[in-house]
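Summary of structural features
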Amino acid sequence: MCLAIPGQIVELHADQPLLAKVDVGGVRRNVNVGLLEEALAPGDWILIHVGFALSKIGEKEAAEQLQMLKAMGEDELAMEEVRGYSFAEQYAAPP
Amino acid sequence: MKYVDEYRDPVLIGNVAREIHTAVDAARTYRIMEVCGGHTHSIYRHGLRDVLPANIELVHGPGCPVCVLPTGRVDDGLSIARHPATILCCFGDMMRVPGTKGTPLELKAQGADIRMVYSPLDAVRLAQENPDKNVCFFAIGFETTAPSTALTILRARALGLRNFTVFANHVTIVPAMRAILDSPDMRLDGFVGPGHVATVTGCRPYEFIAAEYHKPVVVSGFEPLDILEAILMLVRQLHAGEAKVENQYRRIVPYEGNPAALRALAQVFVLRPYFEWRGLGFISQSALAIRPELAAFDAEVQFELPGVRVTDPKAAQCGEVLKGVLKPAQCKLFGKECNPERPVGALMVSSEGACAAHYRYASRTEALEV
């Protein structure tokens, strides 16, 4: 339930500041970064939970977190979760 | 001691395990509660019990959101799916949690429109795509998850949605820890504190446990090495007669938490005066309700819910297991009527539930051992 998935930011959207495109094990999805105060840039690593970035982490920590998910047998579940995120479109339309 | 070479860092694991064996005082016992269900899962999966001295007893705590949700609240949530033109959305963890009239999965098979989502924002998308339907998100989770629900509600408001509600069941871990500390049948020496909850709350909310109850708390990561280190830190504090909050998971958890997430929580939620926890009963100020000014998005305001308290099946002893008074295999139904295929209680549903973890990972002889 408290699955936290490491992902690397590959793209930020100037017109949708709440979204960032992340790469998680080759799968690319948009996640919400509204819970982060830090400035973000492509290449940064974040921890993702239910479609939201929960914290910005280092590359080493991200690798460890991924390793942990594997060790827990939850890496498949994590990939399934990331593949399932399908909310990005709502941010494209002006609110 | 179990062979440690199957771990990722066998040398490090072996070192910490040996340090724990050297550090413990054979004349006493150590009752340590791992609060978080993720820790419970990791402990079972990696057989950490086997590398620890026999006089360290690990008590599995209430940190599994579906496990502590009382059946009455499951029924309330599922009643929403029976309204016409309504889509009920929940996380995968919820799909097999039994209510009085079946699990979400079973109700779905009977025709209810219940959908699994991976993010609460996916439920917002469904509301946008189905303007003629009411979409309700069945929200569960601790402080790790609640900020996401908060931003989702603000998003729905920004989009001007009128067909989106949230059935909020977010609970907060600190009051539950206090309830456990106040429970007369609970004798604990220290806590392995929840890792990802603390990314949001920080470590400060646990300071009362050290200050008022004089018990040490070590916030820990989820790897076997993290958990063993946290246990060693607890043992050292106990020997030194200390009680303080330490952060073993510093690489992820800032001591002050995530201020933006805490702000989102405060913006959207208020504390409920009390909330029922399975096994722990009613706990004051232990759950979050949606603020009155956001009532348009509150399923408890927008739908009439049964609100009936449902006692656990008599023979099931989920409550005692949740409090750590009984071990999973000591419950009369464990592995018999209640198993992961056909769970009677929620502790058997989630991989973070003590019963499911025990069933899945404990060896047969160990499972029968009580």
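Everything numeric here is computed off the predicted structure, so don't read it as measured data.

**With respect to the sheet that holds strand 1 (residues 30-36) of chain B**
All names here are of chain B. With parallel pairing, five strands are arranged side by side in an open sheet as 2-1-7-8-9. In the strand order of this sheet, the two ends are held by strand 2 (56-63) and strand 9 (245-247), each with one partner. Put simply, the sheet's adjacent strands are angled 20° from each other on average, direction ignored. Sheet analysis places strand 1 next to strand 7 (residues 190-193), joined by three bridges and oriented parallel. The partner of Ile 32 across the bridge, within strand 7, is Gly 190.

**A look at the domain arrangement of chain B**
Residues and elements named next belong to chain B. By domain assignment, chain B separates into domain 1 (24-300 + 311-318) and domain 2 (319-362). Each of domain 1 and domain 2 was reduced to a C-alpha centroid, and the two centroids are 18 Å apart. Across the contact, 32 residues belong to domain 1 and 27 residues belong to domain 2. Secondary-structure elements contributing two or more residues to the side of domain 1 that touches domain 2 are helix 2 (37-45), strand 2 and helix 3 (65-68).

**Considerations on the environment of B:Cys338**
Residues and elements named next belong to chain B. Following the sequence through the fold, Cys 338 ends up in the loop between helix 14 (318-323) and helix 15 (354-361). Take Cys 338: there are 25 C-beta atoms within 10 Å of it, and that puts it in the buried class. Distance in space between the C-alpha atoms of Cys 338 and Pro 98 is 11 Å, their sequence separation being 240 residues. Contact partners of Cys 338, with chain neighbours within four places excluded, come to Ala 316, Leu 333, Pro 343, Val 344, Gly 345 and Met 348.

**Topic: the pairing of strand 6 (residues 164-170) of chain B**
Residues and elements named next belong to chain B. The element strand 6 is largely enclosed, with a buried count of seven among its seven residues. Covered by surrounding structure in strand 6 are Phe 164, Val 166, Ala 168 and His 170 together with Thr 165, Phe 167 and Asn 169, the residues of both alternating faces. Where strand 5 (residues 134-141) meets strand 6, seven bridges bridge the pair, whose relative direction is parallel. When the bridges of strand 6 are listed, Cys 136 appears paired with Thr 165. With helix 7 (residues 146-158) bridging strand 5 and the parallel strand 6, this β-α-β connection has right-handed handedness.

Definitions and cut-offs
Residues numbered from 1 in each chain as written. Chains lettered and ligands numbered in written order. Predicted model: local features only at pLDDT ≥ 70, side-chain atom pairs only at ≥ 80, totals over all residues. Pairing = 2+ DSSP bridges. Helix = DSSP H or I, 4+ residues; strand = E, 2+ residues; numbered from the N terminus. Axes fitted to C-alpha atoms, helices over the stretch in contact; angles between N-to-C directions. Domains from an automatic or database assignment. Contact = placed C-beta atoms within 7 Å. Buried ≥ 20, exposed ≤ 12 C-beta atoms within 10 Å, placed from the backbone. Right-handed = clockwise from strand over helix to strand, strands pointing away.

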